[in-house]
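Commentary on secondary and tertiary structure
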Amino acid sequence: MLVLLGFAMIAVFMVLIMTKKLTPVLALIIVPTIFGLFAGAGLGLGPMVMDSMKSMTSTAALLMFAIIYFGLMIDVGLFDPLVKFILRKLGNDPAKVVLGTAILAAAVSLDGDGSTTFILTTAAMLPVYLRLKMSPVVLTCVAGLANGTMNILPWGGPTARAATALKIDVNDVFVPMIPSLIAGLVVVFVFAWLLGLQERNRLRSTVPEIWGDVADPSDMFDGGAGRGGSAAGRSGSSQPAGKPGTGGVAVLERTEILVEGTETDSNTAMADTALDPNRKTLRPKLFWFNLGLTAAVMVVLVANIVPLPFVFMVGSAIALLVNFPKVKEQGAQLVAHAPSIVAVVSMVMAAAVLTGVLNGTGMVKAMSEWLVQIILADMGPFMAVITGLLSIPMTFFMSNDAFYFGVLPVLSETAAHYGIGAADMARASITGQPFHMQSPLVPAILLLVSLAKVDLGDHHKKVLWRTAVISVVMLAVGMLTGAIGIG
């Protein structure tokens, strides 16, 4: 009964958010509550959810103050030079921009932290996407693909969990999987290029003004009057640069529809970044201070010597105090970032309902035990391959801790009877990480879609099948190289 309820709950949740019948926050609250009552939890649902929510509070604090900090840094213009550089190097070709997004996300993912990767990637690339009228869903898709693939790094978490659970050295798990990692990244870049080509074709037909005569796309930040002269002058038009009908690049209005179903909001700090080079929040004289402060925050994050939420709390306080010394300005900045904060923190808290019901009612345990039972009969020699395939859906619907410490040891013990080593099982188990990172139970992905103002259902439609392909490719390459054996 619990197995059926568990799978039905997950299926209903996914259908509701992907068909947009409910927002993710409402689906995360309502669906588990109803199924929890069917499971007989009754008034016990409250304690289950509160226990789960306790583990989410530090994550919510981290995401809240990270949004404030990086939102402030964008508002004051810290990332404007980076955006100019990206535009100058990549031009206004969507294919190059999307590929550049994948490369940037993969590079930043080397620190092993998804939240940091998504914050920095969004901060750097979202202004470019909005400026060129590209779909932010493409940004979240590509960033999710790159970060999920890189998540098998030893310091990323899953690989260390698998090694710890099976009592083997983490290097024995990761090193043989390097060819799989490289293959996964190649597939990510191929997907990124194809998505970029799709955006290029779409924009050519829907936003032809982007393909005008602007020689240097970074001139957009100077209102089209950069070192090459005005966009209007080069296109032979007397209309203001960036307005429809000119040969220049369109300058977006705050309320202008960017892509179907996507709209900027003047109160949404992360969606308004770098669109206005004359915004009142710019602090060019404090550029080096803000750069130094951000570098210090990043160093402390990587060193992991202070709890991450506290790092962003202190960083946000210092950034507010120095850049906006007046109390009225400080309050205005906090209010400006409120929509993004509410969106991501509410989703993290709502996710506690789903995880609380899954764990508290015993659904997760029942589902994992059922899956183990149905594959033990005649599939023994293929246990490593089966584990790799199971890791795709199972790590999406349960936490990494539940899978690696609860399910993997059982699978590994069974595989040992068929001559399959623990290291093979551990390697296979991490191939599902690209898919896992898209789960609504992963706070980092909630942060990504919130910062980019993308609906989680839209993100899933574009990213899930691609991450499944990447996971299967990584598993297949692991088998071909001998890293994942067959008994």
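Before any of the text, the structure's been laid out above.
Quick notes on the rules
Residues numbered from 1 in each chain as written. Predicted model: local features only at pLDDT ≥ 70, side-chain atom pairs only at ≥ 80, totals over all residues. Heavy atoms only, no water. Helix = DSSP H or I, 4+ residues; strand = E, 2+ residues; numbered from the N terminus. Buried < 20%, exposed > 50% of the residue type's maximum accessible area, 1.4 Å probe, protein only. Contact = heavy atoms within 4.5 Å. Areas by Shrake-Rupley, 256 points an atom, 1.4 Å probe, with all protein chains shown as cover. Axes fitted to C-alpha atoms, helices over the stretch in contact; angles between N-to-C directions. Parallel < 35°, antiparallel > 145°, perpendicular 65-115°, else oblique. Left-handed = near helix turned anticlockwise from the far one by under 90°. Nonpolar A, V, L, I, M, F, W, Y, C, P; charged D, E, K, R; others polar. Salt bridge = Lys/Arg side-chain N within 4 Å of Asp/Glu carboxyl O. Core = buried A, V, L, I, M, F, W, Y, C linked by side-chain atoms within 4.5 Å. Phe/Tyr/Trp six-rings, centres within 6.5 Å; stacked < 30°, edge-to-face > 60°. Lys NZ or Arg CZ within 6 Å of the ring centre and 35° of its normal.

Right, let's talk about the overall build of the protein chain for a bit. In terms of helices and strands, the protein chain carries 23 helices and four strands. Per-residue burial for the protein chain yields a buried fraction of 57% across its 487 residues. Taking all contacts inside the protein chain whose residues are at least 6 apart in sequence as the whole, residues at least 24 apart take part in 78%. When the accessible area of the protein chain is evaluated, it comes to approximately 19300 Å², of which 67% is carbon and sulfur surface.

Now for the side chain of Ser439. For Ser439, the position within the fold is in the loop between α21 (433-436) and α22 (443-451). When sequence neighbours within four positions are dropped, the list of residues in contact with Ser439 reads Phe396 and Ile445.

The subject of this paragraph is the packing of helix α4 (residues 57-75) against α22. At a closest axis distance of 11 Å, the pairing of α4 and α22 adopts a crossing angle of 30°. With respect to α22, the element α4 is oriented roughly parallel. α4 and α22 meet at a crossing whose hand is right-handed. Residues Thr59, Leu63 and Ile67 of α4 form the contact with α22, whose own contacting residues are Pro443, Leu447 and Leu451. Across the contact of α4 with α22, the residue classes break down as five nonpolar, one polar and no charged.

In this section: the pattern of salt bridges. Considering all chains together, one arrives at two salt bridges under this definition. Its salt-bridge partner being Asp93, residue Arg200 comes within 2.8 Å of it at the nearest N-O pair. Placement of Arg200 in helix α11 (residues 178-206) and of Asp93 in the loop between α5 (80-90) and α6 (94-108) is noted, with a sequence separation of 107 residues between them. When its relative accessible area of 17% is taken as the criterion, Arg200 is described as buried. Looking at Asp93, the relative accessible area reads 12%, which means it is buried. The closest approach of N and O atoms between Glu199 and Arg202, which form a salt bridge, is 2.9 Å. Here Arg202 and Glu199 lie together in helix α11, a separation of three residues that amounts to about one turn. Judged by relative accessible area, which is 7%, Glu199 ranks as buried. Classification of Arg202 by relative accessible area gives partly exposed; the value is 25%.

Once that is clear, we can look at the packing of helix α18 (residues 383-397) against helix α23 (residues 456-480). Angle between the axes and distance between the axes: these two values describe a pair of packed helices. α23 packs onto α18 with a crossing angle of 155° between their chain directions and a minimal axis gap of 10 Å. Compared by their axis directions, α18 and α23 come out roughly antiparallel. Here the hand of the crossing between α18 and α23 comes out right-handed. Contact residues: Val385, Gly388, Leu389, Ile392 and Phe396 in α18; His460, Leu464, Ala468, Ser471, Val472, Leu475 and Met479 in α23. Split into classes, the residues belonging to the contact of α18 with α23 amount to nine nonpolar, three polar and no charged.

So, about the nonpolar core. Membership of the largest hydrophobic core comes to 140 residues, with the highest contact counts inside it found for Phe312 and Met425. When residues of this core are assigned to their parent elements, the largest contribution, 12 residues, is made by helix α16 (residues 338-360).

Take the packing of aromatic side chains next. In total, this model carries four aromatic pairs according to the counting rule given. Relative to Trp465, the ring of Phe191 has its centre 5.5 Å away and its plane inclined at 80°; by these criteria the two rings are edge-to-face. Here the residue Phe191 occupies a position in helix α11, and Trp465 occupies one in helix α23, the gap between them amounting to 274 residues. Residue classification places Trp465 among the partly exposed positions, given a relative accessible area of 47%. Here Arg466 stacks its cationic end above the ring of Phe191, 5.7 Å away from the centre of that ring.

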